[in-house]
Amino acid sequence: MAAGGGCSLRPFSCEQGLLSRPDGSAAFVQGATSVLAGLYGPAEVKGSRELPDRAALEVLLRPKVGLPGVTERSREQLLRGTCEAVVLGGLHPRSAITLVLQVLSDGGSLLSCCLNAACLVLLDSGLPLSALFCGVTCALGPDGTVVLDPTTRQEQDARAVLTFAIDSVERKVLAASSKGSCSAEEMQQCLAAAQRAAGAVFQFYRDCVRRKYSKS
Amino acid sequence: AAAEECVGQVVLPGDVLLLPAHPDEDAERLRLSAGAAPRGRLLCGPGLRRCEAGLLVTKCGLLRHRQAGGGAAAAGGAYWVDSQQKRYVPVKGDHVIGIVTAKAGDLFKLDVGGSEQASLSYLAFEGATKRNRPNVQVGDLIYGQFLVANKDMEPEMVCIDSSGRSSGMGIIGQDGFLFKVSLGLIRKLLAPKCEIIQELSQLYPFELVLGMNGRIWVKAKTVQQTLIIVNILEACEYMTAEQRKQALAKLSGN
């Protein structure tokens, strides 16, 4: 896969089941950005967080250096909303599902790398899901060109950076986050490009799972 | 995609599997066999849910199919997804190993590895009466089966079957070693004529209890033999058959 530039994604790779303690674990590498995710659940829940009809999902995002701040908290909420939309929480009421993400390196498109790692860890842990999701980041250059999966440099030069979480069944948008200013048509353009690129990511998930089950 | 074509292949959550249309009704009526069970009754196993178009896959894994007893076409039978996971979810009828965490009057609380602790009544042992109570302490291991296990209620365990006999269940004795493996390995070990167990039994004699919640209890004559068996069972998750045979040959040669 060509690196950067135009409507193509950086080469990505993943590894599943690499940690022994959590119920599910996955590492996702996209170019120079890599995120490690671990999942615990469905496990015992403390009294106040218990929900009577579905599982209580919690996401923790740890940056590479420093303590988690406001950016991490807002990203955690976005990830939590996306995960709750696909996890069939009604099958595990009064239980807790905890998803922990650790940023190993940040080379641009961090939020979409976190989304992809979260989806792979949900797959690895065996939780019931109604669909899969993937994250795609688009950067709008000053002249209006759309660059998918931008590097840190391309994100800094861009006029706006948009991240979409796209589901696998009908390519609908589960979550969107934007930084900078862009017009509605430009946003639609970015969304269309992201939905096309999402197909490549879902095919990659399928190949990952195929490889994992071919070994047994 | 049609369900029959995907059998044996990897399926991902969100995939919809189409089921074959209902078999011809006239052919059913002409048959004089005493097939009381309705044909075309499909069992939706773990990892699958019913939706309007057919079956919705909810877990990733290999799709499996088992024909119905009468040997009919794919109309009857069961579909399920063979997936690997580490976390156990209590299911009614499963035999599991639980660890006693608390004694609350007439009830024992057991940790079975799920999201809730299971409860076990002191009368649910063979030959237990109000005067003759079983000798269970906190920290003991119990091998029992689930009487009640669904998402809405607290799981309940018993150590007797429906006729009142213990059939191997009850308190697991002293010594031995308890460890945890993935659920897929337990299912492989519980399959009839499992090669791993047969090869191990030729190595040393040992006692083995397999819990569907991923817990295995092993006891051999000496501590060293017990630990060797534990290491081999843990490594079986990753080793191929040839690697395992080589490791066992090296051990039995020593």
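Numbering of residues starts from 1 in every chain and runs along the sequence as written. Naming scheme: in the order in which they are written, chains are lettered from A and ligands are numbered from 1. Local features in a predicted model are, by the rule used here, given only for residues with pLDDT of at least 70; side-chain atom pairs are given and counted only at 80 or more, and totals for whole chains, interfaces and linings are based on all residues. Neither water nor hydrogens contribute to the side-chain values; these are computed over all heavy atoms in the structure.

1. A look at a nonpolar patch on the surface
Candidate patch residues must exceed 30% relative accessible area and have no salt bridge, after which like charges are joined if within 9 Å and Val, Leu, Ile, Met, Phe, Trp or Tyr side chains if within 5 Å. Computed by Shrake-Rupley with a 1.4 Å probe, the accessible areas treat only the displayed protein chains as cover when residues are assessed. What counts as a salt bridge is simple: a side-chain nitrogen of Lys or Arg found within 4 Å of a carboxyl oxygen of Asp or Glu. A cluster of nonpolar residues, F177, V223 and L227 of chain B, forms a patch on the protein surface that exposes about 260 Å² of accessible area. Inspection of the secondary structure puts F177 of chain B in strand 14 (residues 177-180). Elements are defined by DSSP. Helices are runs of H or I of four residues or more, strands are runs of E of two residues or more, and each kind is numbered from the N terminus.

2. Side note on helix 2 (residues 110-125) of chain A
The end-to-end C-alpha distance of helix 2 of chain A is 23 Å, a good match for the 22 Å that 16 residues give at a rise of 1.5 Å each. At the C-terminal side of helix 2 of chain A, G126 of chain A shows a positive phi close to 80°. The length a helix should cover is 1.5 Å for every residue beyond the first.

3. Observations regarding the interface of chain A and chain B
For this analysis, residues touch if any pair of their heavy atoms sits within 4.5 Å. If you look at the interface, chain A gives 34 residues, while chain B gives 27 residues. Values labelled buried area give the accessible surface lost by two parts on being combined, using a 1.4 Å probe and summing over both. Summing both partners gives a buried area of about 2400 Å² for chain A against chain B, and 55% of it is carried by carbon and sulfur. Among the residues of chain A in contact with chain B, R94, R206 and Y213 of chain A are the three that bury the most area, contributing 26% of the side total. Counting every contact that joins chain A to chain B gives three salt bridges. D23 of chain A is the partner of R87 of chain B in a salt bridge, and the nearest nitrogen-oxygen pair spans 3.2 Å. Contacts described as polar in this section are N or O atom pairs within 3.5 Å, which, within protein, must combine one atom able to donate a hydrogen with one able to accept it, while residues neighboring in sequence count only if both atoms come from side chains. Counting the contacts that link chain A with chain B gives 10 residue pairs in polar contact (both at pLDDT 80 or more). Those elements giving two or more residues to the side of chain A that touches chain B turn out to be strand 3 (33-43), helix 2 and helix 4 (184-214) of chain A. A per-element tally of the side of chain A that touches chain B places helix 4 of chain A first, with six residues. Residues are grouped as follows: nonpolar covers Ala, Val, Leu, Ile, Met, Phe, Trp, Tyr, Cys and Pro; charged covers Asp, Glu, Lys and Arg; every other residue, Gly included, is treated as polar. Across the side of chain A that touches chain B, the residue classes break down as 17 nonpolar, 10 polar and seven charged.

4. Brief notes about the pattern of salt bridges
Residue and element names in this part refer to chain B. For the structure on display, the rule yields 22 salt bridges over all chains. Across the salt bridge formed by D106 and R133, the nearest N and O atoms sit 3.9 Å from each other. Note that D106 is positioned in the loop between strand 8 (95-104) and strand 9 (107-111) and R133 in the loop between strand 10 (118-121) and strand 11 (141-148), a separation of 27 residues in sequence. Each residue is assigned to one of three classes by its accessible area relative to the maximum for its type, calculated with a 1.4 Å probe on protein chains only: buried under 20%, partly exposed between the two thresholds, exposed over 50%. You can call D106 partly exposed: its relative accessible area is 44%.

5. As for the sheet that holds strand 9 (residues 173-180) of chain A
All names here are of chain A. Strand order in this open sheet of four strands is 7-6-8-9, and the pairing throughout is antiparallel. A strand with exactly one partner marks an edge of an open sheet, and here the two such strands are strand 7 (146-148) and strand 9. Ignoring strand direction, the axes of neighbouring strands in this sheet form an average angle of 20°. Two strands are counted as paired when DSSP detects at least two bridges linking them. Bridge analysis of strand 6 (residues 133-140) against strand 8 (residues 160-167) gives eight bridges, and the strand direction is antiparallel. Bridging across to strand 8, C138 finds its partner in L162. Helix axes use the C-alpha atoms of the stretch in contact, all axes being lines fitted to C-alpha atoms, and the angles between their N-to-C directions lie in the range 0 to 180 degrees. Those strands touched by helix 1 (residues 70-86) are strand 6, strand 8 and strand 9, and its axis lies near 165° from that of strand 9.

6. Looking at the side chain of K212 of chain A
With respect to the helices and strands, the residue K212 of chain A is situated in helix 4. When its relative accessible area of 18% is taken as the criterion, K212 of chain A is described as buried. Dropping the residues within four chain positions of it, K212 of chain A is found in contact with Q16 and D124 of chain A together with Q84 of chain B.

7. Structural notes on the side chain of S95 of chain A
As for its position among the elements, S95 of chain A is in the loop between helix 1 and strand 5 (96-105). When its relative accessible area of 1% is taken as the criterion, S95 of chain A is described as buried. Within the local environment of S95 of chain A, its side chain forms a polar contact with the backbone oxygen of H92 of chain A, the two atoms lying 2.8 Å apart. Those residues within four positions of S95 of chain A in sequence are excluded, and the remaining contacts are P42, A43, V45, A55 and A56 of chain A together with S115 of chain B.

8. What about the packing of aromatic side chains?
Residues and elements named next belong to chain B. Stacked, tilted and edge-to-face are the three classes applied to pairs of Phe, Tyr and Trp rings, where Trp contributes its six-membered ring and a pair requires centres within 6.5 Å; stacked means planes under 30 degrees apart, edge-to-face means over 60, and tilted covers the rest. All chains considered together, the criterion is met by seven aromatic pairs over all chains. Look at Y88 and F146: their rings are 6.4 Å apart centre to centre, the planes differ by 20°, and that puts the pair in the stacked class. Of this pair, Y88 sits in the loop between strand 7 (78-82) and strand 8 while F146 sits in strand 11, and the two are 58 residues apart along the sequence. The same class applies to Y88 and to F146, which are both buried.

9. Some thoughts on the nonpolar core
Residue and element names in this part refer to chain A. Buried residues of nine kinds, namely Ala, Val, Leu, Ile, Met, Phe, Trp, Tyr and Cys, make up a nonpolar core once their side-chain atoms join them within 4.5 Å. In this structure, F28, L122 and Y205 are the most contacted members of the largest nonpolar core, which totals 67 residues. Element by element, the count of residues in this core is highest for helix 4, at 13 residues. Beyond its immediate chain neighbours, meaning those up to four positions away, L122 contacts L39, C83, V86, V87, L127, L129 and F133.

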